[in-house]
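Here's the letter readout for the chains.
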Amino acid sequence: LADCVGRGTGLDDSGLAHKSAVLAQALAANATAQTPLQIGAALGGFEILTMAGSVIAAAAGRRVIVVDGFITTAAVALAQALRPGVLD
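In this text the structure is predicted, and so the values were computed from the model without any measurement.

Participant: Could you give me a rundown of helix H3 (residues 46–60), with the residues and numbers involved?
Facilitator: In this model H3 runs 21 Å from its N-terminal to its C-terminal C-alpha over 15 residues, within 8% of the 21 Å that 1.5 Å per residue would give. Taken together, the buried positions of H3 are occupied by Ile-48, Ala-52, Val-55 and Ala-58. In a view along the axis of H3, the buried residues occupy a sector of 120°, so they form one face of it. Opposite its buried face, H3 presents the exposed residues Phe-46, Thr-50, Ala-57 and Ala-60, each directed more than 90 degrees away. The secondary structure elements touched by the buried residues of H3 are helix H2 (36–44) and helix H4 (70–82). Backbone geometry just after H3 places Arg-62 at a positive phi near 55°.

Dropping the structure here:
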């Protein structure tokens, strides 16, 4: 978590510690999620899953997309895990 949890919109030290603790609890509660779909369902949220589906659809239509930011990159990583070759 230390490598991917940040201050976001400007959390102070206390807020960052709380954010890290909540995410650690989420990982522990979903430790059995192993496949990309299980991980996306357990930890992703509807918006990330929707973006991943959009990436898969764009790839199927040979469309170019712009990937900008951490959340979008997470969605693309999930899309690639669900449908290897999407990045091609």
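After that view, the rundown keeps rolling.
Participant: Describe the packing of H2 against H4, naming the residues involved and giving the relevant values.
Facilitator: Packed helices, taken two at a time, are described by their axes: the angle between them and the distance between them. Direction vectors running N to C along H2 and H4 enclose 150°, while the axes themselves pass 9 Å from each other. For the element pair H2 / H4, the angle class is roughly antiparallel. Across the interface between the two elements, Pro-36, Leu-37 and Gly-40 from H2 touch Leu-78, Ala-81 and Leu-82 from H4. When grouped by side-chain class, the residues that make up the contact of H2 with H4 number five nonpolar, one polar and no charged.

Participant: Just give me the short version of the pattern of salt bridges, but keep the residues and values in it.
Facilitator: All told, the structure shown has one salt bridge when counted by the stated rule. Measuring nitrogen to oxygen at the nearest pair gives 2.6 Å for the salt bridge that ties Arg-7 to Asp-13. The exposure class of Arg-7 is partly exposed, given its relative accessible area of 37%. Among the residues examined, Asp-13 registers a relative accessible area of 57% and is labelled exposed.

How each quantity is defined
Residues numbered from 1 in each chain as written. Predicted model: local features only at pLDDT ≥ 70, side-chain atom pairs only at ≥ 80, totals over all residues. Heavy atoms only, no water. Helix = DSSP H or I, 4+ residues; strand = E, 2+ residues; numbered from the N terminus. Expected span 1.5 Å × (residues − 1). Buried < 20%, exposed > 50% of the residue type's maximum accessible area, 1.4 Å probe, protein only. Arc of directions from axis to C-beta. Contact = heavy atoms within 4.5 Å. Axes fitted to C-alpha atoms, helices over the stretch in contact; angles between N-to-C directions. Parallel < 35°, antiparallel > 145°, perpendicular 65-115°, else oblique. Nonpolar A, V, L, I, M, F, W, Y, C, P; charged D, E, K, R; others polar. Salt bridge = Lys/Arg side-chain N within 4 Å of Asp/Glu carboxyl O.

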